[in-house]
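Residue strings, one per chain:
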Amino acid sequence: MQVAFSKPYFRGDEGEAVAATIATGWVAQGPRVREFEAGFAARVGAHDAVATSNCTTALQLALYVSGIGPGDEVIVPSMSFIATANSVWHNGATPVFADVDPLTYNLDPAAAEAAITERTKAIMPVHQLGLPADMDPFLELAERHGLAIVEDAACAIGASYRGRPIGSLGPLACFSLHPRKVITTGEGGMIAVHDPAVAERLRRLRAHSMDVSDLMRHNAKDVVIEAYPERGWNARMTEMQAALGLCQLEALDEILEARRHLARRYTEAIDGIPFLEAPHEPGYAERTWQSYAVRLAPDAPISRTELMRRLLRDGVPTRRGVMAIHEEQAYASSGATLPETEAATRDSLMLPLYAGLSDSEQDHVIGCLAAQLSPVAA
Ligand SMILES: Cc1ncc(COP(=O)(O)O)c(C=O)c1O
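Definitions and cut-offs
Residues numbered from 1 in each chain as written. Predicted model: local features only at pLDDT ≥ 70, side-chain atom pairs only at ≥ 80, totals over all residues. Heavy atoms only, no water. Salt bridge = Lys/Arg side-chain N within 4 Å of Asp/Glu carboxyl O. Helix = DSSP H or I, 4+ residues; strand = E, 2+ residues; numbered from the N terminus. Buried < 20%, exposed > 50% of the residue type's maximum accessible area, 1.4 Å probe, protein only. Pairing = 2+ DSSP bridges. Disulfide = S-S within 2.5 Å. Contact = heavy atoms within 4.5 Å. Axes fitted to C-alpha atoms, helices over the stretch in contact; angles between N-to-C directions. Right-handed = clockwise from strand over helix to strand, strands pointing away. Near = heavy atom within 4 Å. Polar contact = N/O pair within 3.5 Å; in protein donor to acceptor, adjacent residues only side chain to side chain. Areas by Shrake-Rupley, 256 points an atom, 1.4 Å probe, with all protein chains shown as cover. Core = buried A, V, L, I, M, F, W, Y, C linked by side-chain atoms within 4.5 Å. Parallel < 35°, antiparallel > 145°, perpendicular 65-115°, else oblique. Left-handed = near helix turned anticlockwise from the far one by under 90°. Nonpolar A, V, L, I, M, F, W, Y, C, P; charged D, E, K, R; others polar.

## Here's the deal with the pattern of salt bridges
Under the counting rule described, the total for this entry stands at 26 salt bridges. The salt bridge partner of Arg-201 is Glu-230, with a shortest N-O separation of 2.8 Å. One end of the pair, Arg-201, is in helix α7 (residues 196–205); the other, Glu-230, is in the loop between α8 (214–219) and α9 (239–270), with 29 residues separating them in the sequence. Exposure remark for Arg-201: the relative accessible area of 25% places this residue in the partly exposed category. Looking at Glu-230, the relative accessible area reads 23%, which means it is partly exposed. The shortest N-O distance in the salt bridge between Glu-257 and Arg-260 comes to 3.0 Å. Of this pair, Glu-257 and Arg-260 are both found in helix α9, three residues apart, which corresponds to roughly one turn of the helix. Relative accessible area serves as the criterion here: at 37%, Glu-257 is assigned to the partly exposed category.

## Here we look at the sheet that holds strand β8 (residues 164–165)
Taking strand neighbours across the sheet as the criterion, the three strands line up as β8-β7-β12 in an open arrangement whose pairing is antiparallel. Unpaired on one side and paired on the other, β8 and β12 (285–286) mark the two borders of the sheet. When strand β7 (residues 160–161) meets β12, the two strands line up antiparallel, connected through two bridges. Pairing of Ser-160 across the sheet is with Glu-286, part of β12.

## Section: the state of the cysteines
Here the structure, examined in full by the defined rule, presents zero disulfides. Between Cys-55, a cysteine without a disulfide, and Cys-174, which holds the nearest cysteine sulfur, the sulfur-to-sulfur distance is 5.6 Å. Among the cysteines around Cys-155, which has no disulfide bond, Cys-55 carries the closest sulfur, lying 8.2 Å off. Residue Cys-155 is classed as buried on the basis of its relative accessible area, which comes to 9%.

## Some details on the sheet that holds strand β9 (residues 172–176)
Across the sheet, which stays open at both edges, the four strands sit in the order β1-β10-β9-β6 with mixed pairing between neighbours. Pairing within the sheet leaves two strands with one partner each, and these edge strands are β1 (48–52) and β6 (151–152). Bridging between β6 and β9 involves two bridges; their strand directions are parallel. Its bridge partner lying in β9, Glu-151 is registered against Ala-173. Packing of helix α2 (residues 31–44) onto the sheet brings it into contact with β1, β9 and β10 (189–193), and relative to β1 it is tilted by some 130 degrees.

## Observations concerning the pairing of strand β3 (residues 94–98)
Counting buried positions over the five residues of β3 gives four, a clear majority of the element. Bridging between strand β2 (residues 73–77) and β3 involves five bridges; their strand directions are parallel. Opposite Val-76, over in β3, you have Phe-97 as the bridge partner. With respect to chirality, the unit in which β2 leads through helix α4 (residues 83–90) into the neighbouring parallel β3 is right-handed.

## Digging into unusual backbone geometry
One non-glycine residue with positive phi stands out, namely His-208, at about 55 degrees. Within the fold, His-208 resides in the loop between α7 and α8. Although it is not a glycine, Ser-209 adopts a positive phi angle of roughly 65 degrees. Topologically, Ser-209 is positioned in the loop between α7 and α8. When its relative accessible area of 0% is taken as the criterion, Ser-209 is described as buried.

## Describing the site of the ligand
In the region of the ligand, 14 residues are neighbours, and Cys-55, Thr-56, Asp-152, Ser-176 and Lys-181 sit closest. Interatomic distance of 3.5 Å between a side-chain N/O atom of Asn-54 and an oxygen atom of the ligand. In isolation the ligand offers 390 Å² of accessible surface; the protein chains occlude 89% of this area. Those elements that place two or more of their residues in the shell around the ligand are α3 (55–65) and α4.

## Quick word on the nonpolar core
Ranked by internal contacts, the top residues of the largest apolar core, which has 49 residues, are Phe-36, Phe-40, Ile-123, Ile-157, Ile-166 and Phe-175. Going through the elements one at a time, α2, β1, β3, α5 (109–114), α6 (135–145), β9, β10 and α9 are the ones with two or more residues in this core. Among the elements that take part in this core, α9 stands out by supplying seven residues, more than any other. Apart from residues lying up to four places away in sequence, Phe-40 is in contact with Ala-49, Ile-157, Phe-175, Leu-177, Met-190 and Leu-249.

## A closer look at the packing of α3 against α7
Remark: α3 packs on α7, axes separated minimally by 11 Å, with the N-to-C direction vectors making an angle of 125 degrees. By the angle class used here, α3 and α7 are oblique. Regarding α3 and α7, the two cross each other, and that crossing is right-handed. Of the residues in α7, those touching α3 at Leu-61, Ala-62, Tyr-64 and Val-65 are Val-198, Arg-201, Leu-202 and Leu-205. Within the contact of α3 with α7, the residues separate by chemical class into seven nonpolar, no polar and one charged.

## Observations concerning the environment of Val-182
Topologically, Val-182 is positioned in the loop between β9 and β10. Each C-alpha atom, one on Val-182 and one on Tyr-331, is 28 Å from the other, the two residues being 149 residues apart in sequence. Those residues within four positions of Val-182 in sequence are excluded, and the remaining contacts are Cys-155, Ile-157, Leu-252, Ile-255, Leu-256, Arg-259, Thr-288 and Gln-290.

In structure tokens:
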């Protein structure tokens with residue numbers, strides 16, 4: 001049996017929605033994007049939401065409106081996709097890596113506090129793999145030190161922290177709509193925003209800070225000459241992406257339920273497989289299960305990479321656990337030493353999980369894992 005590692009989930013009505021959008025003649029950012037933003041904001045409990053070309057540009061813009069620029073430091077976990085750090089660098093600032101909690105793999109508030117210097121301007125908690133970071137201590141820390149908070153919520157649409165949806169907590173939370181995420185628009189990002197003035201500025205910044213949107217100009221009854229009060233980006237979303245995004249929002253609960261079902265089955269099975277540790281579930285969080293990462297004990301009979309290789313031969317693709325950015329050549333100059341991050345990155349791997357993975361395919365994954373780690377029982 002050949003299993004896929006990840007697949008986006010489509011209900012079948014998406015093609016029609018995208019075609020209907022094309023038929024209107026609006027293909028670049030317009031009314032559909034506005035509709036998608038409103039639906040997204042309502043879903044995540046934010047005052048507003050601003051669509052972008054991807055989550056990396058969303059993070060860049062969110063940091064920019066938080067006043068982050070050259071000479072500033074932003075505290076980030078190293079255990080994250082490299083986009084987290086790159087978005088800080090794109091603003092001319094320096095990402096400062098702090099260690100993670102060894103149970104949740106999310107930024108540890110105490111480690112973040114220890115990394116604060118007089119140049120620190122912001123903290124960027126990442127809701128890694130869709131598991132909310134412990135937000136109350138971060139919000140309190142930011143308040144106490146006068147720092148900005150920008151949440152990297154790339155994997156976290158539909159997650160909640162102490163009963164409140166991710167997107168409703170901090171001032172700016174950035175989501176990804178890449179196909180490896182919970183819902184997708186192909187490429188795409190979204191910033192959940194609470195301050196209406198900041199939302200309006202973000203809308204301008206994503207379109208080179210032009211003070212007139214295409215939609216406003218289209219609806220104007222007189223000639224409109226635009227102005228550019230500040231410099232900006234091109235980080236716009238297309239209408240076709242927004243049409244797809246609206247369909248995906250409708251499917252979100254179905255997708256989350258399917259992911260929860262599969263995660264429950266993995267956790268039950270993994271309890272009985274030696275050398276494997278299922279993901280920790282902190283009581284404060286409802287997660288999206290964007291990925292299911294297991295940890296291999298250091299005394300396991302085979303290495304993590306050898307396990308991945310053997311699973312691949314059995315038709316089970318896996319991925320290494322979340323990377324450690326500071327271990328990559330691109331950020332070698334950080335000089336960071338982060339024991340929890342380094343161990344977690346080395347020992348973890350991700351198993352196939354997506355809405356649409358059948359129970360029998362999942363049973364195959366589980367059977368192959370058991371055969372490698374407890375050959376007698378399997
Ligand atoms: C934690 C995290 N942050 C940011 C990103 C960047 O998202 P995008 O590909 O939409 O720019 C990703 C995507 O993999 C991610 O996992």
